[in-house]
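Residue-level listing of the chains:
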Amino acid sequence: MKSNDHLPKNYKLIERARELRKNSTLSEVLFWNKVKNKQFLGLDFDRQTIIGNFIVDFFCSSKKIVIEIDGKSHIGKENYDKLREEYLTNLGLKVIRINDLDIKANINAVMEKLELKMNAE
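What comes next is a walk through the structure. (Residues numbered from 1 in each chain as written. Predicted model: local features only at pLDDT ≥ 70, side-chain atom pairs only at ≥ 80, totals over all residues. Heavy atoms only, no water.)

Comments concerning helix 4 (residues 100-120)
Okay, so step 1: Helix length check: helix 4, at 21 residues, gives a terminal C-alpha distance of 23 Å against a target of 30 Å (1.5 Å per residue), a shortfall beyond 12%.
Okay, so step 2: For helix 4, the principal kink sits at N106 and spans about 120°.
Okay, so step 3: For helix 4, every residue scored as buried is listed here: D100, I103, I107, V110, M111, L114 and M118.
Okay, so step 4: Taken together, the buried residues of helix 4 touch helix 2 (26-35), strand 2 (54-60), strand 3 (65-70) and strand 4 (94-99).
Okay, so step 5: The opening residue of helix 4 is N99, an N-cap whose side-chain oxygen sits 2.7 Å from the backbone nitrogen of L101. (Helix = DSSP H or I, 4+ residues; strand = E, 2+ residues; numbered from the N terminus. Expected span 1.5 Å × (residues − 1). Bend = angle between axes of the 7 residues up to and from the residue. Buried < 20%, exposed > 50% of the residue type's maximum accessible area, 1.4 Å probe, protein only. Contact = heavy atoms within 4.5 Å. Polar contact = N/O pair within 3.5 Å; in protein donor to acceptor, adjacent residues only side chain to side chain.)

Dropping the structure here:
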């Protein structure tokens, strides 16, 4: 049993989550290649995870951390992102936002900053 089994989940989003996994952005692929198979701090990450009525980019259930990679798809959706983040934090999750341009420019620096944040939890 995964430690996120207690979180609400809209099962109607399963197919959409699969589609998102198959059509990842470059930044998501670069990030996933750094965190898959517990290679980042020994932590288990899932991608395109359904929490409530939302699909989050990456989720580390043991740390209760959601990682969102903000790219072009987030432009003009600031209110939606704010409501979504409030919902997730009300579930006891921490949301960390990473700009996709930062990942493309220097993923190692992004991972170093993320390591500091993860270790602070």
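Some details on the nonpolar core
Okay, so step 1: Grouped together as the largest cluster of nonpolar side chains are 19 residues, with contacts concentrated most on F31, F45, I67, L114 and M118.
Okay, so step 2: With six residues, helix 4 is the single largest residue contributor to this core.
Okay, so step 3: In this structure, I67 is in contact with F31, F45, D57, F58, I96, I98 and L114, ignoring residues within four places of it in sequence.
Okay, so step 4: In terms of nonpolar packing, the next biggest core, distinct from the first, is built from eight residues, L7, I51, F59 and L93 among them. (Core = buried A, V, L, I, M, F, W, Y, C linked by side-chain atoms within 4.5 Å.)

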